[in-house]
Amino acid sequence: MLEEKLRSGKVETFIPYGKHSVSEEDIFAVDEVLRSDWLTQGPCVERFEKALAAYCSTRYAAALCNATAALHTVCRALGLGAGDVMWTSPNTFVASANCGLYCGADVDFVDIDPQTYNMSVRALRRKLERAADACRVPKVVIPVHFAGHSCEMEEIAALAQQYGFYVVEDASHAVGAHYQGAPVGGCRHSDATVFSFHPVKIITTGEGGAVLTNRPDLHEKIVTLRSHGITRAETEMVGPSHGPWYYQQIDLGYNYRMSDIHAALGISQLGRLDAFVARRRFLADRYSAALADLPLQLPPREDDIASAWHLYVVRLQRGGAESRSRVFADLRERGVGVHVHYIPVHTQPYYQGLGFRKGDFPEAERYYAEALTLPLYPAMTERQQDFVVDALHEVLS
Ligand SMILES: *Cc1c(COP(=O)(O)O)cnc(C)c1O
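A brief structural summary. Residue positions are given per chain, counted from 1 along the sequence in the order it is written. Reporting of local features is limited, given that this is a predicted model, to residues whose pLDDT is at least 70; pairs of side-chain atoms are given and counted only at 80 or more, and all residues count toward the totals for whole chains, interfaces and linings. With hydrogens and water set aside, each side-chain value is computed from the structure's full complement of heavy atoms.

Residue pairs three or four apart in sequence face the same way in an α-helix, which turns once every 3.6 residues. A run of DSSP states H or I qualifies as a helix once it reaches four residues; a run of E qualifies as a strand once it reaches two. Both are numbered from the N-terminal end. One less than the residue count of a helix, multiplied by 1.5 Å, gives the span that helix is expected to have. Taking 1.5 Å as the rise per residue, helix H14 (residues 382–396) with 15 residues should run 21 Å; its terminal C-alpha atoms sit 21 Å apart, in good agreement. What makes two residues a contact is simply this: any of their non-hydrogen atoms within 4.5 Å. Looking at the buried positions of H14, the neighbouring elements they touch are helix H10 (273–290), strand S12 (296–297), strand S14 (312–316), helix H11 (320–333) and strand S15 (371–374).

Here, the term disulfide refers to a pair of cysteine sulfur atoms separated by no more than 2.5 Å. By the definition in use, this model includes zero disulfides. Here cysteine 75 stays free of any disulfide, with the sulfur of cysteine 99 as its closest cysteine sulfur at 3.9 Å. Categorising residues by exposure relies on relative accessible area from a 1.4 Å probe, with only protein chains included: less than 20% of the type maximum marks a residue as buried, more than 50% marks it as exposed, and the intermediate range marks it as partly exposed. On the basis of relative accessibility, which here comes to 0%, the residue cysteine 75 falls in the buried class.

Looking at the element boundaries, phenylalanine 146 is found in the loop between strand S4 (140–142) and helix H7 (153–163). For phenylalanine 146, a relative accessible area of 1% translates into the label buried. When neighbours within four sequence positions are excluded, phenylalanine 146 is seen to be in contact with Asn91, Thr116, Tyr117, Asn118, His173, Leu311, Val313, His341, Tyr342 and Tyr367.

A separate point is the site of the ligand. Neighbouring the ligand are 16 residues, the closest being Thr68, Asp170, His173, Ser196 and Lys201. Within the side chain of tyrosine 342, one N or O atom sits 3.2 Å away from an oxygen atom of the ligand. Contact with the protein chains hides 93% of the accessible area of the ligand, taken as 390 Å² for the molecule alone. Only protein atoms enter the 1 Å grid used here, on which a cavity is any set of points holding a 1.4 Å probe that cannot leave and a pocket is any open set flanked by protein within 12 Å on both sides along at least five of seven lines; residues with an atom within 4 Å of a point are listed as lining. Any molecule with more than half of its atoms within 2 Å of a cavity's or pocket's grid points is regarded as sitting in that cavity or pocket. The site holding the ligand turns out to be the second largest pocket. Listing elements by their share of the shell around the ligand, those giving two or more residues are helix H4 (67–77) and helix H5 (95–102). In the scheme used here, Gly and all other residues not listed as nonpolar or charged are polar, with Ala, Val, Leu, Ile, Met, Phe, Trp, Tyr, Cys and Pro taken as nonpolar and Asp, Glu, Lys and Arg as charged. Broken down by class, the residue content of the shell around the ligand amounts to five nonpolar, nine polar and two charged. Each residue is tested against the molecule or strand, and it is near if at least one of its non-hydrogen atoms lies within 4 Å. N or O atoms within 3.5 Å of each other form a polar contact, as long as, within protein, one can give a hydrogen and the other can take it, and as long as residues adjacent in sequence are counted only when both atoms are side-chain atoms. Accessible surface area values rest on a Shrake-Rupley calculation with a 1.4 Å probe, where residue burial reflects the displayed protein chains alone.

Let us look at the packing of aromatic side chains. Here is the rule: rings of Phe, Tyr and Trp (six-membered ring for Trp) pair when centre to centre is within 6.5 Å. Planes less than 30 degrees apart are stacked, more than 60 are edge-to-face, and the remainder are tilted. The full count for this structure, using the stated rule, is 14 aromatic pairs. When the ring of phenylalanine 146 is compared with that of tyrosine 342, the centres are 6.0 Å apart and the planes differ by 70°; the resulting orientation is edge-to-face. Remark: tyrosine 342 occurs in the loop between H11 and helix H12 (349–353) and phenylalanine 146 occurs in the loop between S4 and H7; sequence separation between them is 196 residues. Judged by its relative accessible area of 11%, tyrosine 342 falls in the buried class. An aromatic cluster is built from Phe109, Tyr350, Tyr351, Phe356 and Phe361, whose rings are joined through pairwise contacts. Only Lys NZ and Arg CZ are tested; either one counts as a charge over a ring when it is within 6 Å of the ring centre and within 35 degrees of the ring normal. Sitting over the ring of tryptophan 87, lysine 127 keeps its end group 5.3 Å from the ring centre. Over the face of the ring belonging to tyrosine 368 we find arginine 324, whose NZ or CZ atom lies 5.1 Å from the ring centre.

Rolled over the atoms, a probe as big as a water molecule pinpoints where empty space is left. Grid points are joined across faces, edges and corners, and a volume is the space filled by probe spheres set on the points. Space inside the largest pocket adds up to approximately 390 Å³. If you go around the largest pocket, you meet 14 residues; those closest to its centre are Gln41, Val223, Ser227, Ile230 and Arg232. Of all the secondary structure elements, the ones that give two or more residues to the lining of the largest pocket are helix H8 (216–225) and strand S10 (230–231). Sorting elements by how many residues they give to the lining of the largest pocket places H8 first, with four residues. Looking at the lining of the largest pocket residue by residue, the classes come out as three nonpolar, five polar and six charged. In this structure, the second largest pocket encloses a volume near 330 Å³.

So, on to the packing of helix H6 (residues 121–133) against H7. Axis angle and axis distance: for two packed helices, these are the angle between their axes and the distance between the axes, and together they describe the pair. Angles run from 0 to 180 degrees between N-to-C directions of axes, and those axes are lines fitted to C-alpha atoms, restricted for helices to the stretch in contact. In the contact formed by H6 and H7, the axes pass within 10 Å of each other and the chain directions differ by 10°. Judged by the inter-axis angle, H6 sits roughly parallel to H7. Each of Val121, Leu124, Arg125, Leu128, Glu129 and Ala132 in H6 lies in contact with H7, whose residues at this interface are Glu155, Ile156, Leu159 and Tyr163. Looking at the contact of H6 with H7 residue by residue, the class counts come to seven nonpolar, no polar and three charged. Angle categories are assigned with fixed cut-offs, so that under 35 degrees is roughly parallel, over 145 is roughly antiparallel, 65 to 115 is roughly perpendicular, and the rest are oblique.

Structure follows, in C-alpha cells:
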C-alpha cells in the first residue's frame, strides 16, 4: 500500500522512527583502521573504552560486541546462576530479561510507573517485601532507562542496600543522558551500567555494547569473560607462567570482543554524542509544544533527569488498543514511520511458556495498548517533524 503510494508520488518520503547519523569523519576513521595492521580488539578498543569512562566519570569501561553480550557478561561476573533470581522491567527489549535466563537464573519482572514507563520504585518495594518473606530476594535487579529517561536510581540503590542485591542499569537508550546532574553510566547508584551502540540507539559502532563500573573486581571478570575466560596476567594464574606465549583459561567465557573497526566508529561518534542529544532534545521539546493540545500523554519531564531522548513516545488517552492500531495504520499510510515500544516481555510466547500470564503486570500491558513511538533522530528536519505533527492532528481529529 505505502510502497504504491511512494511510487505514485502520493507521499513524498517515508520518515523512519529512528536513523543513525554517519559522517565523512566516521567513514575516514573506519577506513584508517582497515588500512592498519590491527583489525580485531586492539588500540582503538582501548581508546574507545578510555573515552567512554572519561565521558561518564567512571573508573572502568569494557567494550563488547553488543549490549546483549554485555548484559550476559555482567550477570555472569556478578555470579548470577542457577537457583538465583533476577528482576527487570517488562517494558523493555527482550535482551534485558534473557541475560538472566542465559545464566540459568529465574527471571521475574517489576511493573512500571504509568507516568515514566520505567520500573516503579513503589512496585519494587512491595515486591521486595513479599520476596523477603519468601526468602526469594533477587541477586540482581536490572532497571531499564526507558526511552533515555533515567530510573530513580537513588531510591533503587537504597533498596539494594536494604535488601542486598546488585544493580545493573540497562542504559541501552541512555548514553548521553543525565541523572541528578551527572552522566548516566557513572554508576554512583549501581554496580554496573550497560550501553548499546546498535545503529538505532544514540551513538553507534555498527554492533556494539559496553559495561561501565567503578568496581575493579567486576571489571577484571568482565574482561576475562568476554575473551573465553582466558587471562595473560600472571597474578591471576594458577601457578607460574611458562613464558611470554603463555595464557590460562580460568573461567568459562565467550568470544564477546569488539573489533577495532567498530571501536574506531565509536570513538568518532562519541565526539558528536552531546550534539546528537542536544538535537534530539530540541526536537523533543518541539514535539511537546506542538502536541500539547491533542489527547495524548506526553513523555515525562523531571527536574533532576535529562533524557537522551532515544525515543519520543506518546500515549493515546482515548480508545485503547483499537484506537492505537487505527492511528498507527493511518500514520504509516501517510509515510510516518511510527513504531511501538515495547511489547511487555512477559507476554512473549517464550515467557508464557515459563509460566507468565497476561495480567501479571497490568501497568505495562495498559501502557503497551496505548503507546506510539514518533519519529525522532538527529538528522530529522523541522519540516519533516511538522509533517509528522500535522499528520497526527489530522488522524486524531
Ligand atoms: C537495544 C537494546 C538492548 C540490546 O542491545 P544490542 O546492542 O542490540 O544487543 C538491550 N536492552 C535494551 C533496553 C535495548 O533497547
